[in-house]
Amino acid sequence: MREFERDKWGRLLERVLQSPTGVDVKELDEWFHNGLPSLVLDQGELVLRDPVAAYRSYVALLRETIVAHAVGATALVELGAGYGSVLLGVAADPALARCQLTAAELTPSGRRLTKLVAAATGMLVEAVECDLEAESIMQLTPAPGSIIFTSFALMYLNRLPSVFFERVASWRPSMVIHVEPCTEHSDTQTILGLLQRRYAEVNGYNLTIASDICAAQAQGIVEVTLSEPNWVGTNPLLPGSLIMWRPVHRASG
Ligand SMILES: C[S@@+](CC[C@H](N)C(=O)[O-])C[C@H]1O[C@@H](n2cnc3c(N)ncnc32)[C@H](O)[C@@H]1O
């Protein structure tokens, strides 16, 4: 919580509040991701990239992926949405224009930033409090037919609550999409793979996301429709795997 509330989103919020003109999401992304060119993982290759450009490529790739499932979607909901940048970047696509937008986030500064940049960007977003680690998980009630997604957020939970997949499935989403580092996907035959695993361990990130999704599938709660290990890596030591699932509808009674 401190990493984001104080050190990251808190500092960005102070800067935004001092800006006389308001700050849109593109400008905020530049403030946050600005830096020297650094190594990123692009389709398995390590390449040197400008960090803002690498982040934008990631958002564009995720937008394309989500838009492929946009037909009939009622809402777009991001869990652990930070300052709303990915949600707003994805939702800018005209194919998602009819979707209600919900940013669910733990930190007050993240939620406040989301509302400020959405307003400056001319988009309507509901920013709601949520603790993904709580058993109650969410008082959230997305409309049936929503697309729910996470991007580098589940990795911060020590453990996914046992009810996580059941709860999300009970919302009857049309698709659930995770982009999360999955240490189970690190190639232990390469130095890079071993370093990725060690990086997650040392930082205390969740080590069982892919296994938990497999277990939910084995329990008949979800049907995994796509699993793309190490899909993107703006930090090559922390590549995000892409995993998509749909709820399995069980006959009641
Ligand atoms: C690395 S940021 C990612 C933000 C955004 N999804 C993105 O891709 O830019 C991780 C986010 O997860 C949020 N988070 C961490 N633990 C959480 C929890 N238990 N419940 C909800 N959000 C949480 C953090 O506050 C932070 O905003």
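One structure accompanies this document, and this report is about it. Just so you know, these numbers come straight off a predicted model, no measurement behind them. (Residues numbered from 1 in each chain as written. Predicted model: local features only at pLDDT ≥ 70, side-chain atom pairs only at ≥ 80, totals over all residues.)

Let's talk about the overall build of the protein chain
Inference 1: The helix and strand tally for the protein chain stands at eight helices and nine strands.
Inference 2: Considering the protein chain as a whole, with its 253 residues, one finds that 40% of them fall into the buried category. (Helix = DSSP H or I, 4+ residues; strand = E, 2+ residues; numbered from the N terminus. Buried ≥ 20, exposed ≤ 12 C-beta atoms within 10 Å, placed from the backbone.)

A look at unusual backbone geometry
Inference 1: Here the phi dihedral of Phe152 falls at roughly 50 degrees; this positive angle occurs in a residue that is not glycine.
Inference 2: Tracing the backbone through its elements, the reader meets Phe152 in the loop between strand S6 (147-151) and helix H6 (164-170).
Inference 3: Residue classification places Phe152 among the buried positions, given that 20 C-beta atoms sit within 10 Å.
Inference 4: The residue Arg172 is not glycine, and still its phi comes out positive at about 55 degrees.
Inference 5: Position of Arg172 among the secondary structure elements: in the loop between H6 and strand S7 (175-180).
Inference 6: By the C-beta count within 10 Å, which is 14 here, Arg172 ends up partly exposed.

So, the pairing of strand S2 (residues 45-49)
For a regular strand, the rule is simple: side chains alternate between the two faces of the sheet.
Inference 1: S2 sits mainly on the outside: zero of its five residues count as buried.
Inference 2: Between strand S1 (residues 38-42) and S2, which follow one another and run antiparallel, lie two residues, and Gln43 among them has a positive phi close to 50 degrees. (Pairing = 2+ DSSP bridges.)

Section: the environment of Asp29
Inference 1: Within the fold, Asp29 resides in helix H2 (residues 25-33).
Inference 2: Sequence separation between Asp29 and Arg56 is 27 residues; the distance between their C-alpha atoms is 8.7 Å.

A short note on helix H1 (residues 2-18)
Inference 1: Where H1 bends most, at Gly10, the angle is about 45 degrees.
Inference 2: Within the span of H1, buried status applies to Trp9, Leu12 and Val16. (Bend = angle between axes of the 7 residues up to and from the residue.)

Brief notes about the sheet that holds S6
Inference 1: Strands sit in the order S5-S4-S3-S6-S7-S9-S8 across an open sheet of seven strands; the sheet is mixed. Where the open sheet ends on each side, the last strands, each with one partner, are strand S5 (126-129) and strand S8 (222-232). Each adjacent strand pair in this sheet contributes to an overall mean axis angle of 15 degrees, direction not counted. (Axes fitted to C-alpha atoms, helices over the stretch in contact; angles between N-to-C directions.)

Things to note about the site of the ligand
Inference 1: The full set close to the ligand counts 19 residues, and Gly80, Gly82, Leu106, Leu132 and Ser151 are the nearest of them.
Inference 2: The residue inventory of the shell around the ligand, partitioned by class, reads ten nonpolar, six polar and three charged. (Near = placed C-beta within 6 Å. Nonpolar A, V, L, I, M, F, W, Y, C, P; charged D, E, K, R; others polar.)

Here we look at the pairing of strand S3 (residues 75-79)
Inference 1: In terms of residue burial, S3 counts as a mostly covered element, since five of its five residues are buried.
Inference 2: In S3, alternate side chains face the same way, and those of Ala75, Val77 and Leu79 on one face and Leu76 and Glu78 on the other are all buried.
Inference 3: Pairing geometry for S3 and strand S4 (residues 100-105), over five bridges, is parallel. For Glu78, the partnering residue across the bridge sits in S4 and is Ala103.
Inference 4: Once you follow S3 into helix H4 (residues 85-91) and on to S4, the crossover reads as right-handed.
Inference 5: Here S3 pairs with S6 via three bridges, running parallel. Of the residues in S6, the one forming a bridge with Glu78 is Phe149. (Right-handed = clockwise from strand over helix to strand, strands pointing away.)

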